[in-house]
Amino acid sequence: MDLSPSVIVLIVLAALVIITILAGVKTVPQGQQWTVERFGRYMRTLTPGFSIIIPYIEQIGRRMSVMETVLDIPEQEVITKDNATVTADGIVFYQILDPVKAAYEVQNLNLALSNLAMTNVRSVIGAMDLDEVLSQRDQINRRLLSVIDQATNPWGLKATRIEIRNIQPPQNLLDAMGKQMIAERSKRAEILAAEGEKQAAILRAEGRKQAAVLEAEGRRDAALRDAEARERLADAEAKATQAVSEAIAGGNMAAINYFVAQKYIEAFARLADSPNQKLIFMPMEATGVISSLAGIAELAKEAQSRSAPATPKPWGETKA
């Protein structure tokens, strides 16, 4: 059926009202903040949740993420302080703290931050030797973080971390470094072997020294014992000689014969035990030895008669 002009006007007005309401209602997701512009001028910032703006007068300017963001630092060639060329790249972790500054203080935030990071990578690595670049990556990261965080402060950013991902020297430098490493390891191995030989020689010398000391102490103890034995033997000889002297003084010829026979037999025993003689022919007076043995027997009888008690006489016997 045909609609009247008034009905058409109402439909158009209703559609405009719905469109206006939808244009004025905004829902900001979590982790983002939106700027509101009125006729191109910044007015306020919408936080996550439900918000209302004035339709047709205000509009959404920039949609900024306030979550921590990762940005790649492109690979580039860098010349070190000692004129070695290396290839380096990395990553930057940053977070927007002030969405207004990040939106209106810098054009193309990601491109600006990437170029700033590349420039500072060249500056920091260029001030270091190759060995320092390869071994002090943490120091490079700290210096880059300090410089970039200070440079991006006017942009409303906070650089949380910067990591050098890869540092690659050219192949000829890698070959030279490999040869140097092999030489250093060979040198250390030779030093360790020499130290081991030195310690072994010291230990062997200490062992020989201790053995010599122990051997000397053993010889000293043996000499002391030999001297003590000789002293005791000399004391015994002196006592025997004194006893013989007393016997001679008392006119006891049997004791003299015993002493002479003992020395006579000991002398022949030493001659028989000599390792340089296997057969001995020597004249010998048998009567002298026999008489000496007889003297020994007489001494034994005399000693026995002195030590035995006197035999009592039978009862009743009287002396004639």
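Structural data are supplied above this passage.
In this report, we go over the structure that sits alongside the text. (Residues numbered from 1 in each chain as written. Predicted model: local features only at pLDDT ≥ 70, side-chain atom pairs only at ≥ 80, totals over all residues. Heavy atoms only, no water.)

Let's shift gears to the overall build of the chain. Scanning the chain for helices and strands turns up eight helices and eight strands. Across the chain, the fraction of contacts at a sequence separation of at least 24, relative to all contacts at a separation of at least 6, is 61%. With an accessible surface of roughly 23,000 Å², the chain has 58% of that area assigned to carbon and sulfur atoms. (Helix = DSSP H or I, 4+ residues; strand = E, 2+ residues; numbered from the N terminus. Contact = heavy atoms within 4.5 Å. Areas by Shrake-Rupley, 256 points an atom, 1.4 Å probe, with all protein chains shown as cover.)

A few words on the pattern of salt bridges. Under the defined criterion, the tally for this structure stands at eight salt bridges. Linking arginine 44 and glutamate 58 is a salt bridge whose minimum nitrogen-to-oxygen distance equals 3.1 Å. With arginine 44 in strand S3 (residues 41-46) and glutamate 58 in strand S5 (residues 58-65), this residue pair connects regions lying 14 residues apart in the sequence. Given the relative accessible area of 29%, arginine 44 is considered partly exposed. Arginine 165 is paired through a salt bridge with aspartate 72; the nearest N and O atoms lie 3.5 Å apart. Taken together, the residues arginine 165 in strand S8 (residues 157-168) and aspartate 72 in strand S6 (residues 69-79) connect sequence positions 93 residues apart. Taking relative accessible area as the criterion, arginine 165 reaches 45% and is therefore assigned partly exposed. (Salt bridge = Lys/Arg side-chain N within 4 Å of Asp/Glu carboxyl O. Buried < 20%, exposed > 50% of the residue type's maximum accessible area, 1.4 Å probe, protein only.)

It is worth spelling out the nonpolar core at this point. In terms of nonpolar packing, the biggest core is built from 34 residues, with Leu109, Ile125 and Ile140 touching the most fellow members. Of all the secondary structure elements, the ones that give two or more residues to this core are S6, strand S7 (85-96), helix H2 (99-104), helix H3 (109-126), helix H4 (130-135), helix H5 (137-151) and S8. Take this core: its biggest share by element is nine residues, from H3. Contact partners of leucine 109, with chain neighbours within four places excluded, come to Tyr94, Ile96, Ala102, Trp155 and Leu157. Of all hydrophobic cores here, the second largest spans six residues; its members include Val28, Val36, Leu46 and Ile60. (Core = buried A, V, L, I, M, F, W, Y, C linked by side-chain atoms within 4.5 Å.)

What follows is about the packing of aromatic side chains. The final tally for this structure, using the stated rule, is one aromatic pair. Relative to tyrosine 104, the ring of tyrosine 42 has its centre 5.8 Å away and its plane inclined at 55°; by these criteria the two rings are tilted. With tyrosine 42 in strand S3 and tyrosine 104 in helix H2, this pair connects stretches of sequence that are 62 residues apart. On the accessibility criterion, tyrosine 104 (33% relative accessible area) is partly exposed. Over the ring of tryptophan 34 we find arginine 63; its NZ or CZ atom is 4.4 Å from the centre of that ring. One cation-aromatic arrangement involves arginine 161 over phenylalanine 93; the distance from NZ or CZ to the ring centre is 4.2 Å. (Phe/Tyr/Trp six-rings, centres within 6.5 Å; stacked < 30°, edge-to-face > 60°. Lys NZ or Arg CZ within 6 Å of the ring centre and 35° of its normal.)

This part takes up the side chain of threonine 35. Within the element layout of this structure, threonine 35 appears in strand S2 (residues 32-38). Overall, threonine 35 belongs to the buried group, its relative accessible area being 0%. Within polar-contact distance, the side chain of threonine 35 engages the backbone nitrogen of arginine 62 at 2.7 Å. Looking at threonine 35, its side chain comes within polar contact range of the side chain of tyrosine 104, at 3.1 Å. Excluding anything up to four places from it in sequence, threonine 35 contacts Tyr42, Arg44, Thr45, Gln59, Ile60, Gly61, Arg62 and Tyr104. (Polar contact = N/O pair within 3.5 Å; in protein donor to acceptor, adjacent residues only side chain to side chain.)

All right, on to the sheet that holds S3 then. With antiparallel pairing, three strands are arranged side by side in an open sheet as S3-S2-S5. Since the sheet does not close on itself, it has two edges, and those belong to S3 and S5, each with one partner. Across the sheet, the axes of successive neighbouring strands diverge by a mean angle of 30°, strand direction being ignored. Bridge count for S2 against S3 is five bridges, and the pairing is antiparallel. Bridge pairing links arginine 38 to arginine 41 in S3. (Pairing = 2+ DSSP bridges. Axes fitted to C-alpha atoms, helices over the stretch in contact; angles between N-to-C directions.)

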